[in-house]
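# Topology and contacts: notes
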There are 2 protein chains.
Amino acid sequence: MAKTLDFYFDFYSPYGYLAHYKIDAIAERYGYTANWHAILLGPAFKAVGSKPLLDIPMVGEYSAHDFARTARLEGVPFVMPATFPGATLAAGRAFYWLHDQDPELAKRFAKAAYKAAFAQGQDLLQLDTIKAIASGEGIDGQALEAALQTEAVKERFKRAVQASLDQGVFGSPFVVVEGEQFWGNDRILQVEQWLARGGW
Amino acid sequence: MAKTLDFYFDFYSPYGYLAHYKIDAIAERYGYTANWHAILLGPAFKAVGSKPLLDIPMVGEYSAHDFARTARLEGVPFVMPATFPGATLAAGRAFYWLHDQDPELAKRFAKAAYKAAFAQGQDLLQLDTIKAIASGEGIDGQALEAALQTEAVKERFKRAVQASLDQGVFGSPFVVVEGEQFWGNDRILQVEQWLARGGW
């Protein structure tokens, strides 16, 4: 059985977007499978007494510059989504609805959603955007829309967000490998070292 | 004339400590001189509405682990100072008093103070510790103690801290090279890339 690591991300996290390009390849290189978990940063900010980077004096201006500069260094496109920040509820609910049918499909949806948001600037807060992204992955948009209105699907995402907090996940991206926590796109290099060496 | 970059640090910043080992070598490799600037994180935290990492729920526990784990990866000793966090006023004042006589001496003092704090766990908030560190660098402890009691020296540090805020420095370590800002030990690799490529 393949070893696993956990990759937590918020759909409106610029650093989560940067990390999402790398995590699967790094995991696979060392015989791991990355389990993806959509979360919401809102409850995490509440738990730690923080707020979206762009809303913080000085840090906001720096971060906007750093997102784009780091994306250029990493060779990936970067724009800010039309609405940002915001609670990506529909995207998160869609992710788990798909995940419970087929984790790989959920991952493909997540990758498409990240690119729609941060490579194309699309508004992930609109249900229509989520449906269009899903359609692009061969998912039935009407079935998705119906599912997102059910309490079961809303509750599924809510429980996943709470579970992430219970496990000490307070940011995005956040990786847990064999109990070891790594916070931030900056730490993806350390995740790779950790897998390569089996810790240090 | 050598090109310069600015390296801002708080004496009780674990990530500043990690970065201090690297910044001069990186600068010199690309024909730069690093100008060191002691700051205080207290006023920066106030400006951005934050607080010391260890005082933040969840983030504190993670950070304590991350300081030590990153130090091990970077191959340097790491312990927490006897008193932490705290406002390193005496160390900062001593730094500028020395700096205005001989910037290289101030840098040697800063390096010795960082190692006393984070390699040996010494209490930088005690004047006696600062005097002992200074003595180890051949500095007259009594002259230092007398200087630290003067308004001129207190004011010198206060102005330097304010100047750092005015320039948008809100963390430690913080590097500015040709107007480009880099925050955190995580960004030292980007600083190196920036110097090597002349930007990207």
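Conventions and cut-offs
As a convention, each chain's residues are numbered from 1 in the sequence order in which they are written. As they are written, the chains are lettered A onward and the ligands numbered 1 onward, keeping that order. Per-residue local features are limited, in this predicted model, to residues with pLDDT of at least 70; the limit for side-chain atom pairs, both in listing and counting, is 80 or more; totals at the level of whole chains, interfaces and linings are taken over all residues. Values reported for side chains reflect all heavy atoms of the structure, with hydrogen atoms and water molecules removed beforehand. Between two residues, a contact is recorded if the distance between any of their heavy atoms is within 4.5 Å. A quick way to say it: buried area is the sum, across both parts, of accessible area lost when two parts are put together, with a 1.4 Å probe. Think of a polar contact as two N or O atoms within 3.5 Å of one another; within protein, one of them needs to be a possible hydrogen donor and the other a possible acceptor, and neighboring residues in sequence only count if both atoms come from side chains. A simple rule labels every residue: compare its accessible area, found with a 1.4 Å probe on the protein chains alone, to the largest value its type can have, and call it buried under 20%, exposed over 50%, or partly exposed in between. Only DSSP runs of H or I with at least four residues qualify as helices, and only runs of E with at least two residues qualify as strands; both kinds are numbered from the N terminus onward. Any two strands are treated as partners once DSSP identifies two or more bridges connecting them. For helices, the fitted line uses only the C-alpha atoms of the stretch in contact; every axis is such a line through C-alpha atoms, and the angle between N-to-C directions lies from 0 to 180 degrees. A least-squares fit on C-alpha atoms brings the copies together, and the residues used are those whose pLDDT is at least 70 in both copies. Note on ring pairs: Phe, Tyr and Trp rings are taken, using the six-membered ring of Trp, and paired if centres are within 6.5 Å. Classes follow the plane angle, with under 30 degrees stacked, over 60 edge-to-face and the rest tilted. Placement of a charge over a ring requires the Lys NZ or Arg CZ to be within 6 Å of the ring centre, with the centre-to-atom vector within 35 degrees of the ring normal. The term salt bridge refers to a side-chain nitrogen of Lys or Arg lying within 4 Å of a carboxyl oxygen of Asp or Glu.

### Thoughts on the interface of chain B and chain A
The partner chain A presents 31 residues to the 31 residues of chain B that form the contact. A combined buried area of about 2700 Å² lies between chain B and chain A, and 57% of that area is made up of carbon and sulfur atoms. By the criterion of area lost to chain A, the three top residues of chain B are Met58(B), Tyr62(B) and Leu73(B), representing 25% of everything that side buries. Connecting chain B to chain A are 18 residue pairs in polar contact (both at pLDDT 80 or more).

### Focus on the pairing of strand β3 (residues 174-177) of chain B
All names here are of chain B. Burial along β3 is two-sided: the residues Phe 174 and Val 176 and Val 175 and Val 177 are all buried. Note that strand β1 (residues 3-10) and β3 share three bridges and pair antiparallel. Each bridged residue has a counterpart across the sheet, and for Asp 6 the counterpart in β3 is Val 176. As paired elements, β3 and strand β4 (residues 180-183) share four bridges and run antiparallel to each other. Looking across to β4, one finds that Phe 174 is bridged to Trp 183. Taking the residues between adjacent antiparallel strands as the criterion, β3 and β4 are bridged by two residues, where Glu 178 takes a positive phi near 50°.

### Overview of the sheet that holds β1(B)
Strand order in the open sheet made by the four strands is β2-β1-β3-β4 (chain B), with mixed pairing throughout. Two strands in the sheet have a free side with no partner beyond their single neighbour: β2 (32-39) and β4 of chain B. Across the sheet, the axes of successive neighbouring strands diverge by a mean angle of 20°, strand direction being ignored. Contacts from helix α4 (residues 59-74) of chain A reach β3 and β4 of chain B within the one sheet, and its direction differs from that of β4(B) by about 95°.

### What about the relation of the copies chain B and chain A?
Aligned on chain A, chain B shows an RMSD of 0.0 Å; the corresponding rotation is 180° and the shift along the axis is 0.0 Å. Such a combination of rotation and displacement between the chain copies is what one expects of a two-fold axis. When each C-alpha of chain B is compared by its distance to the rotation axis, Asp186(B) comes out closest, at 3.0 Å. Looking at the interface residues of chain B, 100% of them are also at the interface in chain A, so both copies use one shared face.

### Some remarks on the packing of aromatic side chains
Taken as a whole and assessed by the stated rule, the structure comprises 58 aromatic pairs over all chains. Pairing Phe9(A) with Phe95(A) gives two aromatic rings, centres 5.6 Å apart and planes at 85°, and the pair type is edge-to-face. On the criterion of sequence distance, the pair formed by Phe9(A) in strand β1 (residues 3-10) and Phe95(A) in helix α5 (residues 89-99) is long-range, its members being 86 residues apart. Given the relative accessible area of 1%, Phe95(A) is considered buried. Between Phe170(A) and Trp183(A), the ring centres sit 4.8 Å apart and the planes meet at 70°, which makes this aromatic pair edge-to-face. With Phe170(A) in the loop between α9 (151-166) and β3 (174-177) and Trp183(A) in strand β4 (residues 180-183), this pair connects stretches of sequence that are 13 residues apart. You can call Phe170(A) buried: its relative accessible area is 3%. Trp183(A) gets classed as partly exposed once you look at its relative accessible area, which sits at 35%. Positioned above the aromatic ring of Phe182(A), the side-chain terminus of Arg69(B) is 3.9 Å from the ring centre.

### Some details on the pattern of salt bridges
Scanning the model with the defined rule gives 24 salt bridges over all chains in all. Residue Arg187(A) pairs with Asp66(B) through a salt bridge whose shortest N-O separation is 2.6 Å. Placement of Arg187(A) in the loop between β4 and α10 (188-197) and of Asp66(B) in helix α4 (residues 59-74) is noted, with the two residues assigned to different chains. The buried category is assigned to Arg187(A), whose relative accessible area is 5%. Residue class for Asp66(B) comes out buried when judged on its relative accessible area of 0%. Across the salt bridge formed by Glu137(B) and Arg108(B), the nearest N and O atoms sit 3.8 Å from each other. In this pair, Glu137(B) is assigned in the loop between α7 (127-136) and α8 (141-148) and Arg108(B) in helix α6 (residues 103-118), connecting sequence segments 29 residues apart. Judged by its relative accessible area of 42%, Arg108(B) is partly exposed.

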